[in-house]
Amino acid sequence: MKSTVLVSDQQLVKNFVAGEAKAMDELIARHQRKLYNYIKNLVKDPTLAEDLFQDTFIKAIHSLKRGSYHDDGKFIAWIMRIAHNLVIDHFRKEKKYREVSNENGEIDLFNNADLCDDTIEMELSKMQISKDLKNIVQALPQEQRDIVIMRHYFDMSFKEIAEQTNVSINTALGRMRYALINMRKIIDNNKISLSA
């Protein structure tokens, strides 16, 4: 293999598809930091980020071997989309449970009214609000829906959203603005209340 400094991602992908396993090693080494940090920023858990990072490259390898990758010279954008989709799949499948400890705390966690479970009525109300909000977001056009999900569910900055969606920051901001306008219209037209 040629010196990897001069070899483009595009050529490394071709080399890997042609049977040169070291080409994938170079692609991983070249992009691991950016990809891992992106995943960790979304999931906020280094161990989970490592698992999803590995799953991303496993999926990429399978896709390359199947011939599913159509080279447009943007390997990093392609691999980031795979990672993003795996993160979304993870959050769809898993619910996060947090352990709490009462040791060394200034507040008694187990005898604090603010930390008690909600009443059945409050739970039902929250469930309805969550369902309504999900339906409102799902009713948005795809580009606006993606922006809302990345911004509010994955806590991504507009700069990160712009990079992920391959648009300018102004376009990302504009899509968010139109998403909010459309959400307000849906709420008004359907007389939806989002307060408990």
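Cut-off values and rules
- Residue indices begin from 1 for each chain and proceed along its sequence in written order.
- The predicted origin of the model limits local features to residues at a pLDDT of at least 70 and limits the giving and counting of side-chain atom pairs to 80 or more, whereas totals for whole chains, interfaces and linings rest on all residues.
- Side-chain calculation: all heavy atoms of the structure are included, whereas hydrogens and water are not.
- Each residue carries a pLDDT score, the predictor's confidence in it, ranging from 0 to 100.
- Here a residue-residue contact requires only that any non-hydrogen atoms of the pair lie within 4.5 Å.
- For salt bridges, the criterion is a side-chain nitrogen of Lys or Arg within 4 Å of an Asp or Glu carboxyl oxygen.
- Strands here mean DSSP runs of E at least two residues long; helices mean DSSP runs of H or I at least four residues long; both are numbered from the N terminus.
- Accessible area is worked out with a 1.4 Å probe on protein chains only. A residue is then buried under 20% of its type maximum, exposed over 50%, and partly exposed in between.
- A fitted line through C-alpha atoms serves as each axis, taken over the contacting stretch for helices, and the angle formed by two N-to-C directions is quoted from 0 to 180°.
- Small angles under 35 degrees read as roughly parallel and large ones over 145 as roughly antiparallel, with 65 to 115 read as roughly perpendicular and the rest as oblique.
- What makes a crossing left-handed is the near helix being turned counterclockwise from the far one by less than a right angle; a clockwise turn instead makes it right-handed.
- Charged residues are taken to be Asp, Glu, Lys and Arg, nonpolar residues to be Ala, Val, Leu, Ile, Met, Phe, Trp, Tyr, Cys and Pro, and polar residues to be all remaining types, Gly included.
- In a helix, the anticipated span is given by 1.5 Å times the number of residues less one.
- Definition of a polar contact: a pair of N or O atoms within 3.5 Å, with one able to donate and the other able to accept a hydrogen when the atoms are protein atoms, and with sequence-neighbouring residues admitted only if both atoms are side-chain atoms.

*Asks:* Just checking my understanding: could you explain the confidence of the model for the protein for this structure?
*Replies:* Low-pLDDT stretches of the model should not have their predicted coordinates read in fine detail. Residues of the protein with pLDDT of at least 70 account for 80%, and the chain-wide mean is 80. For the stretch residues 96-102, pLDDT sits under 50, and the model shows 9 contacts to residues farther than four places along the chain or on other chains.

*Asks:* I would appreciate a short explanation of the pattern of salt bridges in the present structure.
*Replies:* A side chain with one charge can pair with a side chain of the opposite charge if their charged atoms come near. Applying the stated criterion across every chain, the model contains 4 salt bridges. For the salt bridge of Arg175 with Glu143, the shortest nitrogen-to-oxygen distance reads 3.4 Å. A residue pair is termed long-range when its members are at least 10 positions apart, and Arg175 in helix H8 (residues 169-189) and Glu143 in helix H6 (residues 142-153) qualify at 32 residues. Residue classification places Glu143 among the partly exposed residues on the basis of a relative accessible area of 46%. For the salt bridge of Glu163 with Lys159, the shortest nitrogen-to-oxygen distance reads 3.6 Å. With Glu163 and Lys159 both in helix H7 (residues 158-165), this residue pair falls 4 residues apart, about one helical turn. In this structure Glu163 comes out as partly exposed when scored by relative accessible area, which is 48%.

*Asks:* Please explain the environment of Asn166 as it appears in this structure.
*Replies:* Looking at the element boundaries, Asn166 is found in the loop between H7 and H8. Expressed as a C-alpha distance, the spacing of Asn166 and Ala77, which sit 89 residues apart in the sequence, is 8.3 Å. Not counting residues up to four positions away in its chain, the partners in contact with Asn166 are Ala77 and Arg81.

*Asks:* Whenever I open this one, the packing of helix H2 (residues 21-43) against helix H3 (residues 46-66) confuses me. Can you help?
*Replies:* The description of two packed helices rests on the angle between their axes and on the distance between the axes. Where H2 meets H3, the closest approach of the two axes is 9 Å, and the angle between their N-to-C directions is 135 degrees. If you check the angle between H2 and H3, you find them oblique. Seen along the crossing, H2 lies across H3 with a hand that is right-handed. Residues Met24, Leu27, Ile28, Gln32, Leu35, Tyr36, Ile39, Lys40 and Val43 of H2 form the contact with H3, whose participating residues are Pro46, Leu48, Ala49, Glu50, Leu52, Phe53, Thr56, Phe57, Ile61 and Leu64. For the contact of H2 with H3, the per-class residue count stands at 15 nonpolar, 2 polar and 2 charged.

*Asks:* For this particular structure, what's the right way to read H3?
*Replies:* Side chains that are three or four residues apart share a direction in an α-helix, a result of its 3.6 residues per turn. Taking 1.5 Å of rise per residue, the 21 residues of H3 would be expected to cover 30 Å, and the 30 Å separating its terminal C-alpha atoms lies within 8% of that figure. Every buried residue belonging to H3 is among Leu48, Ala49, Leu52, Phe53, Thr56, Phe57, Ala60, Ser63 and Leu64, and all of these are buried. Backbone nitrogen of Thr47 and a side-chain oxygen of the N-cap are separated by 3.0 Å at the start of H3; the cap is Asp45. Directly beyond the C-terminal end of H3, a positive phi value near 80 degrees is found at Gly67.

*Asks:* Help me understand the side chain of Asp9 in this model?
*Replies:* The topology assignment puts Asp9 in helix H1 (residues 9-17). Within the structure, Asp9 has its side chain in polar contact with the side chain of His31 (distance 2.7 Å). Look past the residues within four positions of Asp9 in its chain and what remains in contact with it is Leu27, Arg30, His31 and Phe75.

*Asks:* How should the packing of H6 against H7 be read in this particular structure?
*Replies:* It is the contact of H6 with H7, at a shortest axis distance of 10 Å, that shows an interaxial angle of 140 degrees. Considered as vectors, H6 and H7 are oriented oblique to each other. For the crossing formed where H6 meets H7, the hand is right-handed. Residues Ile147, Met150 and Arg151 of H6 form the contact with H7, whose own contacting residues are Phe158, Ile161, Gln164 and Thr165. Of the residues contributing to the contact of H6 with H7, the split by class is 4 nonpolar, 2 polar and 1 charged.

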